[in-house]
Amino acid sequence: MNADLRTRLGGLELPNPVVTAAGCAGAGRELAQFFDISSIGAVTTKSVMLEPHAGKPAPRMAETPSGMLSATGMQGPGVDVFLQRDLPWLLARGGRAIVSIAGSSPGEFGELARRISEAEGVSAIEVNLSCPDPSDPSGRHFADDAAQAAAVVRTVCSHTRSGLPVLAKLAADVPDLVGLATACAEAGIDGLSMINTVRGMVVDVHTLRPTVAGGMGGLSGPALRPLAVGCVYRVHEALPEVPIIGMGGVHSGDDVMEFMAAGASAVAVGTVNFSDPSACARVLREFTEMLDAREIFRAADVVGVAHRVGNGS
């Protein structure tokens, strides 16, 4: 038996639901020596900014009991280098590109969307709303305020060519996740990616100082999975027509099945890529074997099953 693995994110059809998470695979180059990157649904690129950005000083990462804390600070060469070097490399190898963008204002997000959507071969744009808003004296992220997030999304959508899906990436540590998702949907997005890392801290017990530069970082890895699955479940329940890429601690085919049953149409593999760079191929194989073993003929039939079971139907 060969299950139909195709999945849809708005107007985008992917050959299977396994994608990479932004920031965990660059633009695919680091993983390509371990498996054929055209074999997975898509590569979600590291967030691209308008100008080159050095990021935060070292140290940038710290291990935790069940994951990793990172504080890279959006390091990258800027959109010009991405369009001239990284995107053509990915497309030449048959990869599908979901391009993550990050900005410091709605206008900057809009200009990035315009530049990216003019490029040939881009499959979708993912809007990283976990960027600090410099106009807010408290340093809050755009995702912390539904109105600000919606303003960014509207600007991105207005600068994106017709037919190119726009996804909003949401974090869990916001005042009202369902309200934020609803505001983004009303602003015109085609789908959601969730969840982003959760802000946290690790303190070195020997120096009694934060382990990563700047103190706070983003927590990722297995510790997040139950939280992430719950977030996907809640948002799918409130917005069942909005496609979701679920992510957070994905390590196996079981995890893909869990996220999709909660309501995700696709599932991103993130932190595990650092320890197992062939993880995406393995996870896809395990998920496919699980579908076959359970005689599930279409991966899309798994989406949201936990809601129907939970309601006793």
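Residue positions within a chain follow its written sequence, with the count starting from 1. Only residues with pLDDT of at least 70 are given local features in this predicted model, and only at 80 or more are side-chain atom pairs given and counted; all residues enter the totals for whole chains, interfaces and linings. As a rule here, side-chain values come from all non-hydrogen atoms in the structure, and water together with hydrogens is ignored.

Caption draft 1: Structural view of the packing of aromatic side chains. To pair, rings of Phe, Tyr and Trp, with the six-membered ring standing in for Trp, must have centres within 6.5 Å; the planes then decide the type, stacked if under 30 degrees apart, edge-to-face if over 60, and tilted in the middle. Overall, the coordinates contain one aromatic pair when judged by the stated rule. When the centroid spacing of 5.8 Å and the interplanar angle of 85° are considered together, the rings of F109 and F142 count as edge-to-face. Residue F109 is located in helix α2 (residues 106-118), and its partner F142 is located in the loop between β8 (122-128) and α3 (146-159); the two are separated by 33 residues in the primary sequence. Like F109, the residue F142 is buried in the burial classification. Numbering of helices and strands starts at the N terminus; helices are DSSP runs of H or I of at least 4 residues and strands are runs of E of at least 2. Residue exposure (1.4 Å probe, protein chains only): buried if accessible area is under 20% of the type maximum, exposed if over 50%, otherwise partly exposed.

Caption draft 2: Summary view of the state of the cysteines. Disulfide assignment relies on a single distance test, namely cysteine sulfur atoms paired within 2.5 Å. As enumerated under the stated definition, the model contains zero disulfides in all. C157 takes part in no disulfide bond, and the closest cysteine sulfur to it belongs to C184, at a distance of 9.3 Å. Of the residues examined, C157 reaches a relative accessible area of 22% and is grouped as partly exposed. The thiol of C231 is unpaired, and the distance to the nearest cysteine sulfur, on C184, comes to 14 Å.

Caption draft 3: Region of interest: the sheet that holds strand β5 (residues 61-64). Strands pair, by our definition, only if DSSP identifies at least two bridges between them. One open sheet holds the four strands; their spatial order is β5-β6-β14-β11, and the pairing between them is antiparallel. The strands lining the two open edges of the sheet, one partner per strand, are β5 and β11 (198-200). For this sheet the average axis-to-axis angle between neighbouring strands, irrespective of direction, equals 35°. Two elements, strand β6 (residues 67-70) and strand β14 (residues 217-220), share three bridges in a ladder whose sense is antiparallel. Paired with M68 across the strands is S220, a residue of β14. The axes used here are C-alpha line fits, helices contributing only the stretch in contact, and every angle between their N-to-C directions lies in the interval 0 to 180 degrees.

Caption draft 4: Region of interest: the sheet that holds strand β3 (residues 18-20). Taken together, the eight strands give an open sheet; going across it, the order is β3-β16-β15-β10-β9-β8-β7-β4, and neighbouring strands pair in parallel fashion. Each edge of the sheet is formed by a strand with only one pairing partner; in this case those strands are β3 and β4 (43-44). Helix-sheet contacts for α3 involve β7 (97-101), β8 and β9 (166-170), and the interaxial angle to β9 is about 155°. In this analysis, two residues are considered to be in contact whenever any of their non-hydrogen atoms come within 4.5 Å of each other.

Caption draft 5: Summary view of helix α8 (residues 279-293). Here a helix's expected span is defined as the number of its residues, less one, multiplied by 1.5 Å. With 15 residues, α8 ought to run about 21 Å at 1.5 Å a step, and its terminal C-alpha atoms sit 21 Å apart, in line with that. Within α8, burial applies to A279, C280, R282, V283, L284, F287, T288 and L291. The positive-phi residue at the C-terminal boundary of α8 is E295, with phi of around 55°.

Caption draft 6: Inspection of a nonpolar patch on the surface at higher detail. For patch building, the residue pool is restricted to those with more than 30% relative accessible area and no salt bridge; the joining distance is 9 Å between like charges and 5 Å between nonpolar side chains (Val, Leu, Ile, Met, Phe, Trp, Tyr). Each accessible area is a Shrake-Rupley estimate made with a 1.4 Å probe; only the visible protein chains count as cover when residues are assessed. Think of a salt bridge as a Lys or Arg side-chain nitrogen and an Asp or Glu carboxyl oxygen that are within 4 Å of each other. The grouping of M201, V203 and M216 at the surface amounts to a nonpolar patch, some 260 Å² of accessible area in total. If you trace the backbone, M201 turns up in the loop between β11 and β12 (203-204).

Caption draft 7: The arrangement of the packing of helix α1 (residues 79-92) against α2 in detail. At a minimum axis separation of 11 Å, α1 and α2 run at an interaxial angle of 15°. Classed by the angle they form, the pair α1 and α2 counts as roughly parallel. Regarding α1 and α2, the two cross each other, and that crossing is right-handed. In this structure, α1 uses V79, D80, F82 and L83 to contact α2, whose residues at the interface are L112, R115 and I116. Side-chain classes follow a simple rule in which Ala, Val, Leu, Ile, Met, Phe, Trp, Tyr, Cys and Pro form the nonpolar group, Asp, Glu, Lys and Arg form the charged group, and the remainder, Gly included, forms the polar group. Looking at the contact of α1 with α2, its residues break down into five nonpolar, no polar and two charged. Each angle is binned into one of four classes, with values under 35 degrees roughly parallel, values over 145 roughly antiparallel, values of 65 to 115 roughly perpendicular, and all other values oblique. Handedness of each helix crossing follows the sense of rotation of the near helix against the far helix: counterclockwise by less than a right angle gives left-handed, clockwise gives right-handed.

Caption draft 8: Up close: the pairing of β5. Side chains A62 and T64 project from β5 onto a buried face, and the interleaved M61 and E63 project onto a face without burial. Between β5 and β6, which follow one another and run antiparallel, lie two residues.

Caption draft 9: Up close: unusual backbone geometry. Cis rather than trans, the peptide bond between A58 and P59 has omega equal to 0°. Tracing the backbone shows P59 in the loop between β4 and β5. Geometrically, the link from M194 to I195 is a cis peptide bond, its omega value of 10° lying close to zero. In this fold, I195 is placed in the loop between β10 (191-194) and β11. Unusually for a residue other than glycine, E295 sits at a positive phi of about 55°. Mapped onto the fold, E295 is located in the loop between α8 and α9 (305-310).

Caption draft 10: Local environment of the environment of E289. Here E289 lies in helix α8. We classify E289 as partly exposed; its relative accessible area is 47%.

Caption draft 11: Representation of the pattern of salt bridges within the structure. Applying the stated criterion across every chain, the model contains 15 salt bridges. The salt bridge involving D86 is made with R29; its shortest N-O contact spans 3.7 Å. Separated by 57 residues along the polypeptide, D86 in helix α1 and R29 in the loop between β3 and β4 bring together distant segments of the chain. Given a relative accessible area of 12%, D86 falls into the buried group. With its nearest N and O atoms 2.5 Å apart, the salt bridge here joins R114 to E111. One end of the pair, R114, and the other, E111, are both in helix α2, three residues apart, so they sit about a helical turn from each other. You can call R114 partly exposed: its relative accessible area is 30%. In this structure E111 comes out as partly exposed when scored by relative accessible area, which is 26%.

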